[in-house]
Amino acid sequence: MNISFEKTSEAQGLLTVKLERADYSENVDKSLKTYRKKANMPGFRPGMVPINLVRKMYGKAIKAEEINKILQEKVFEYIKDNKIEIIGEPLTNQEKEKGQDFEADDLNFFFDIALAPKIEADLTEEDLIPYYEIKISDDMVDSQVRAYAQRNGSYVKTDSYQDNDMLKGELLELDSNGSVKEEGIKVEGAVLMPSYFKDEEQKKLFVNSKVGDKLIFNPSKAYQNNTVELASLLNLKKELCEEIHADFVYNIDEITRYVEGELNQEIFDQVLGKDVVKSEEEFRDSIKQKIAYNYSSDSDYKFFIDVRSLLMERAGKLEFADDLLKRIMLNNSKDNDIESVNTNYQRSIEELSWHLIKEKLVEKYSIKVDDSDILEQAKEATLSQFAQYGMMNVPDDVLSKYAKEMLQKRETVDNLVNHSIDQKLIAVLKTVVKLKNKRVTLEEFNKIIEPENGSKVNNE
């Protein structure tokens, strides 16, 4: 076997593999014998089919299969040994291999290889990059503390209505004279929350109302003709609600109010763990620290965006084998067609450029990720999911159990590996460059970051 590589341009190369019969014949003979043992053909006992007959019927296919295995192994071995930095995978040069004759003993194979461009982009202590620290306001802490209290609240019956109370009663359709309409719409136990009305005038009708009151309002106006809301209230199909514009009388039978739970030791223990804090002041301080920690990842994300912009500009326009890369993209996606590849090519090249720059940084700073890093990432992701339901004090064995279930999916593992690499790289780069620290409010931070990704950071 002879393998050679020719660099045809700065961005592309041609790898040639010359195979002789001795390179593959032993593998082919072994496969034929293995296949013979399994072959089941009329007129022959299992495993007793003549080898020449097996060769005649299946030899060509088995030869092609074995040669393909050898090519895959040896081509990638050559690329690795010779430190050829490639993009994607080698693709057959269809023009040079045109008319390949697998019947011949000596065979030549040709592979087009896309070469990674030379990248001149690095960071130094002279680089000044802003780092935005989000201020944690009292309102943000109040909002989070209130959310925990609400989760431990309860519903109580009351006699008079306040905003956000829930009403229950009989709902009757009125005619044009203001009388209950015969055979009109009637709903027993209709539930209303006037604070959710879209019309302010209709909301005001319920101010200071009490159990036993009879109020006249217009559901269609209250919900501004939203047929989905009307259908839910009136127990009708949505299509039937389009023509309903009448007033209704509502007999209030019951008013229910949600009362937030008190901030007590039970809530402290539930959120932070048993006896971690002993007072509301300590609880609020811990919540503030947790909010700050959560927002630090957003600050890191913005820092990484700025690093990317600087390095992409510093690297300049990189040279790629465009036609070959489009073939590789087309080959890697069953759903793509050439039109789609062409449409998304420039964006793909931008992402590829950043990926190559990032790989150089990872190599330079010896960033490595092991199984323990991936498990910790999975545990953090799991904890975030629990935190959405107010469960911040989750035992480690429970986190580990759910995290290990997450790691059963290959795609999830890949995402966690990439995230772990990014986190470690960010931590290193923050020590390499000079940070220009800026403390900003959440609103200011959102205005800064929104043009870059079209999204905002939630205050939760």
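Please refer to the structure placed before this passage.
Residue indices follow the written sequence of each chain, beginning from 1 at its first position. Restriction of local features to residues with pLDDT of at least 70 applies here, the model being predicted, together with a cutoff of 80 or more for giving and counting side-chain atom pairs; totals for whole chains, interfaces and linings are based on all residues. Water and hydrogen atoms play no part in the side-chain values, which are based on all heavy atoms of the structure.

1. Let's talk about the sheet that holds strand 2 (residues 12–19)
Taken in spatial order, the 4 strands of this open sheet run 1-2-4-3, and their pairing is antiparallel. Two strands bound the open sheet, and with one partner strand each, they are strand 1 (2–7) and strand 3 (86–92). Each strand axis lies, on average, 20° off the axis of its neighbour in the sheet, ignoring direction. As judged from the 8 bridges shared by strand 2 and strand 4 (residues 107–115), these two strands associate in the antiparallel manner. Within the sheet, the bridge partner assigned to G13 lies in strand 4 and is I113. Note on pairing: two strands pair once DSSP finds at least 2 bridges between them. By definition, any uninterrupted DSSP run of H or I lasting at least four residues is a helix, any uninterrupted run of E lasting at least two residues is a strand, and each is numbered from the N terminus. To obtain an axis, a line is fitted to C-alpha atoms, over the contacting stretch when the element is a helix, and the angle between two such axes runs from 0 to 180 degrees between their N-to-C directions.

2. Side note on the packing of helix 11 (residues 371–387) against helix 13 (residues 410–432)
Running from N to C, helix 11 and helix 13 cross one another at 100°; their axes reach a closest spacing of 9 Å. The orientation of helix 11 with respect to helix 13, classified from their angle, is roughly perpendicular. Contact residues: D373, I374, Q377, A378 and E380 in helix 11; L416, V417, H419, S420, Q423 and K424 in helix 13. For this scheme, ten residues count as nonpolar: Ala, Val, Leu, Ile, Met, Phe, Trp, Tyr, Cys and Pro. Four count as charged, namely Asp, Glu, Lys and Arg, and the remainder, Gly too, count as polar. Looking at the contact of helix 11 with helix 13 residue by residue, the class counts come to 4 nonpolar, 4 polar and 3 charged. Angles are sorted into four bins: roughly parallel if under 35 degrees, roughly antiparallel if over 145, roughly perpendicular if 65 to 115, and oblique for all others. Throughout, a contact is declared for two residues whenever any of their heavy atoms are within 4.5 Å.

3. A word on the packing of aromatic side chains
Stacked, edge-to-face and tilted are the three classes for Phe, Tyr and Trp ring pairs, Trp counted by its six-membered ring, which pair at centre distances within 6.5 Å; planes under 30 degrees apart are stacked, over 60 edge-to-face, the rest tilted. Here the structure, examined in full by the defined rule, presents 11 aromatic pairs. Between F217 and Y250, the ring centres sit 6.5 Å apart and the planes meet at 80°, which makes this aromatic pair edge-to-face. Of this pair, F217 sits in strand 9 (residues 214–217) while Y250 sits in strand 10 (residues 248–259); the two residues are 33 residues apart in sequence, bridging distant segments of the chain. An identical accessibility class is assigned to F217 and Y250; each is buried. Each member of the aromatic cluster is reached from another via a ring pair, and the members are F197, F206, F217, Y223 and Y250. Lysine and arginine charges are scored as sitting over a ring when NZ or CZ, respectively, is within 6 Å of the ring centre and within 35 degrees of the ring normal. Against the face of F110 rests K96, its NZ or CZ located 5.7 Å from the ring centre. Sitting over the ring of Y402, K401 keeps its end group 5.1 Å from the ring centre. Only protein chains enter the accessibility calculation, which uses a 1.4 Å probe; a residue is then buried when its area is under 20% of its type maximum, exposed when over 50%, and partly exposed in between.

4. Looking at the side chain of K358
The residue K358 is located in helix 10 (residues 338–364) in this model. Within the local environment of K358, its side chain forms a polar contact with the side chain of D422, the two groups lying 2.8 Å apart. Those residues in contact with K358 that lie beyond four places of it in its chain are F304, D422 and L425. Polar contact criterion, stated in full: a pair of N or O atoms within 3.5 Å, where within protein one must be able to donate a hydrogen and the other to accept it, and residues adjacent in sequence count only if both atoms are side-chain atoms.

5. A short note on helix 9 (residues 322–332)
Taken together, the buried positions of helix 9 are L324, L325 and I328. Seen end-on, helix 9 carries its buried residues on one side only, within an arc spanning 100°. Buried positions along helix 9 lie against strand 2, strand 3, strand 4 and helix 10. The arc in question is traced by the directions running from the helix axis to the C-beta atoms.

6. Side note on the pattern of salt bridges
When a carboxyl oxygen of Asp or Glu is within 4 Å of a side-chain nitrogen of Lys or Arg, the pair counts as a salt bridge. Using the criterion set out here, one finds 29 salt bridges in the structure. We note a salt bridge from R327 to D112, for which the minimum N-O separation is 3.2 Å. Linking R327 in helix 9 with D112 in strand 4, this pair joins segments that are 215 residues apart in sequence. Judged by relative accessible area, which is 31%, R327 ranks as partly exposed. Between D422 and K358 there is a salt bridge, and its shortest N-O distance comes to 2.8 Å. Here the residue D422 occupies a position in helix 13, and K358 occupies one in helix 10, the gap between them amounting to 64 residues. Counted as one network, the salt bridges with shared partners bring together E65, E66 and K69.

7. Some thoughts on unusual backbone geometry
Although it is not a glycine, N164 sits at a positive phi angle of roughly 80°. Note on placement: N164 falls in the loop between strand 6 (154–158) and strand 7 (166–173). Assessed through its relative accessible area of 53%, N164 is described here as exposed. Phi at E183 is positive, roughly 55°, even though this residue is not glycine. Assignment of secondary structure puts E183 in the loop between strand 7 and strand 8 (186–192).

8. Some remarks on the nonpolar core
The set of buried Ala, Val, Leu, Ile, Met, Phe, Trp, Tyr and Cys residues whose side-chain atoms join them within 4.5 Å is what this entry labels a nonpolar core. Formed by 36 residues in total, the largest nonpolar core has its most connected members in V307, F320, L325 and L429. The set of elements that each furnish at least two residues to this core consists of strand 3, strand 5 (128–134), helix 8 (280–315), helix 9, helix 10 and helix 13. It is helix 10 that provides the largest number of residues to this core, a total of 8 residues. Not counting the four nearest positions on each side in its chain, L325 is found in contact with I87, A114, F320, Y345, I349 and L352. If you look at the next biggest cluster of nonpolar residues, it comprises 24 residues, including V49, I67, V75 and Y78.

By themselves, these are just geometric observations and shouldn't be taken as functional.
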